[in-house]
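Structural overview for review
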Amino acid sequence: MARTGRFIVIWAVSMVVIVVAVKHVQGLGVNWGTMASHPLNPNIVVNLLKDNGIKKVKLFDADDWTVSSLAGTGIEVMVGIPNDQLKKFASSYDDAKDWVKENVTKHLRNSGGVDIRYVGVGNEPFLSSYNGTFMKLTFPALKNIQKALNEAGVGDKIKATVPQNADVYESPSNTPSDGNFRKDIRDLMVQIVRFLNDNNSPFLVNIYPFLSLYENPNFPRDFAFFDSGSKPINDKNNLQYDNVFDANHDTLVWSLKKTGVPDMKVLVGEVGWPTDGDKNANIDLAKKFYDGLLRKLAKKKGTPLRPGHIEAYLFSLFDEDMKSVAPGHFERHWGIFRYDGQPKFSMDFSGQGHEKMPVAAKGVQYLENKWCVLDSDAKNMSAVGTEVNYACAMSDCTSLGPDRSCKELGERDSASYAFNMYFQMNDQSVEACDFSGLATIVTQNASHGSCLFPIQIESSAERLGIFGSTMVVAAGALMSLFMFMFM
């Protein structure tokens, strides 16, 4: 009996170890963005992270409430410095020291503090579309922030790096071995890479297979996914690539080799798939992409040039209705959770392929069950079109239009959708459901099939200005989308 009992104990312990081991893909994190009109309470978000076993999070700023909410959780944190702050830190080491003191060391304690591991200096500052705006600012800011971390006595644990878009490198032949950093920034990238290497900091890169498909109508669709049986790319040393993620990643590795740092650690700062706003942005394709990605990460297969473990941050945690739609309407739909913390599709963070829904956010408070819709008595549809354009320019109508989740809506229902989005974004204010007398408030759910007419959440965070620059950028694109509907 004693031996049997001992066997049972050992077996039980072994089972516990197995459960823990498959709970979550090693090194998996998420991006937590807050470009939303009604962001969730950070404490609710932290509980969601814990409930889903997510151990790493990447932030785009260092908001005190957000960072403080992560204290004592054991979640590894990357805080961020937005691009518009780079000039200050590039020109003043004192400002860099103050920032580190106020946003990093302030949160560190021997017990119960925030586990900050990285500082992201800027966010994709060398994008071609920025036309060199941050070219002379990023490296000086990076050096000052790392120096401030070192002088604060935390530089051994907390590293500064620069989140880069994959457009900082290129391959004229589309094979990874021909990869190198872009000619216009090559000398600068060599300096940055060697500085990162000297400080044992990783190279942080954002890789988006979706964008390869979005930007090139001739791009082979299967190549954007994993395990899709796509025709492989053959490269040097008999290496083959059957998906764009691996090819993109190894193009960077070759670029690093050519700067003299072949073994630099690479972190994938953003990788994901949107669920709306484009013909290739939907829940089915997002699920297909994430299933393949998580399965790959769980197997620690790595890439042909870098076999083994890959650390990656999924993009993104939530939909964000205030993001610029200049890159595309899909920009507001990257979340694996909706704006209110409800999961969109089954997703197994262990990478084992189990069909289970992520744990939803708990304790979310919604506004009243009220919707703003086009009044049934409204007849002048040309006047409605003007109001719809205004509503969409000042809210979020990116789910309307061809190949979107609300594509089946007719003219009147589309107007109702636009009115409701504006109404909800304005906290269901009565004044926000007038539209020259064409709208009315109802208490019956106005949703249609797969097209959700949302009810906004109560948000205790400071709201972004509804008439801010993001909405101005969105206005032109959205107005052009809806002009045809109400002419």
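Residues numbered from 1 in each chain as written. Predicted model: local features only at pLDDT ≥ 70, side-chain atom pairs only at ≥ 80, totals over all residues. Heavy atoms only, no water.

1. A word on the overall build of the protein chain
Along the backbone of the protein chain there are 13 helices and 15 strands. The proportion of buried residues among the 487 residues of the protein chain is 56%. Contacts in the protein chain between residues at least 24 apart in sequence constitute 73% of all its contacts with a sequence separation of at least 6. A total of about 21,700 Å² of accessible surface is found on the protein chain, and carbon and sulfur atoms cover 50% of it. (Helix = DSSP H or I, 4+ residues; strand = E, 2+ residues; numbered from the N terminus. Buried < 20%, exposed > 50% of the residue type's maximum accessible area, 1.4 Å probe, protein only. Contact = heavy atoms within 4.5 Å. Areas by Shrake-Rupley, 256 points an atom, 1.4 Å probe, with all protein chains shown as cover.)

2. Describing the sheet that holds strand E9 (residues 203–206)
With parallel pairing, the 9 strands of this open sheet are ordered in space as E5-E4-E3-E2-E1-E13-E12-E9-E6. This sheet does not close on itself; its edge strands, each paired only once, are strand E5 (159–161) and strand E6 (163–165). Across the sheet, the mean angle from the axis of one strand to that of its neighbour is 25°, orientation sign disregarded. One ladder, built from 3 bridges, connects strand E12 (residues 266–271) with strand E13 (residues 311–314); its direction is parallel. (Pairing = 2+ DSSP bridges. Axes fitted to C-alpha atoms, helices over the stretch in contact; angles between N-to-C directions.)

3. Quick word on the environment of Val114
Turning to its location among the elements, Val114 is positioned in the loop between helix H5 (93–103) and strand E4 (115–121). When the C-alpha atoms of Val114 and Gly74 are compared, they prove to be 7.5 Å apart, with 40 residues separating the residues in sequence. Apart from residues no more than four positions distant in its own chain, Val114 is found in contact with Val67, Leu70, Ala71, Val77, His107 and Leu108.

4. Details of helix H9 (residues 244–257)
Between its terminal C-alpha atoms H9 stretches 20 Å, which fits the 20 Å expected from 14 residues at 1.5 Å a residue. The opening residue of H9 is Asn243, an N-cap whose side-chain oxygen sits 3.1 Å from the backbone nitrogen of Phe245. (Expected span 1.5 Å × (residues − 1). Polar contact = N/O pair within 3.5 Å; in protein donor to acceptor, adjacent residues only side chain to side chain.)

5. Here we look at the state of the cysteines
Scanning the entire structure with this criterion turns up 3 disulfides. Each disulfide pairs two cysteine sulfurs, and for Cys372 the partner residue is Cys433, the sulfurs being separated by 2.0 Å. On the sign convention where negative is left-handed, the bridge of Cys372 and Cys433, at about 90° about the S-S bond, is right-handed. Of this pair, Cys372 sits in strand E14 (residues 371–374) while Cys433 sits in the loop between helix H12 (411–425) and strand E15 (439–442), and the two are 61 residues apart along the sequence. When its relative accessible area of 0% is taken as the criterion, Cys372 is described as buried. One disulfide bridge connects Cys406 with Cys451, the sulfur atoms lying 2.0 Å from each other. Disulfide Cys406-Cys451: the torsion about the S-S bond is 85°, which places it as right-handed. Taken as a pair, Cys406 in the loop between helix H11 (381–393) and H12 and Cys451 in the loop between E15 and helix H13 (469–483) lie far apart in primary sequence, 45 residues in all. Classification of Cys406 by relative accessible area gives buried; the value is 3%. For the protein chain, the bonded cysteines connect in the pattern 1-5, 2-3, 4-6 when numbered consecutively along the sequence. (Disulfide = S-S within 2.5 Å.)

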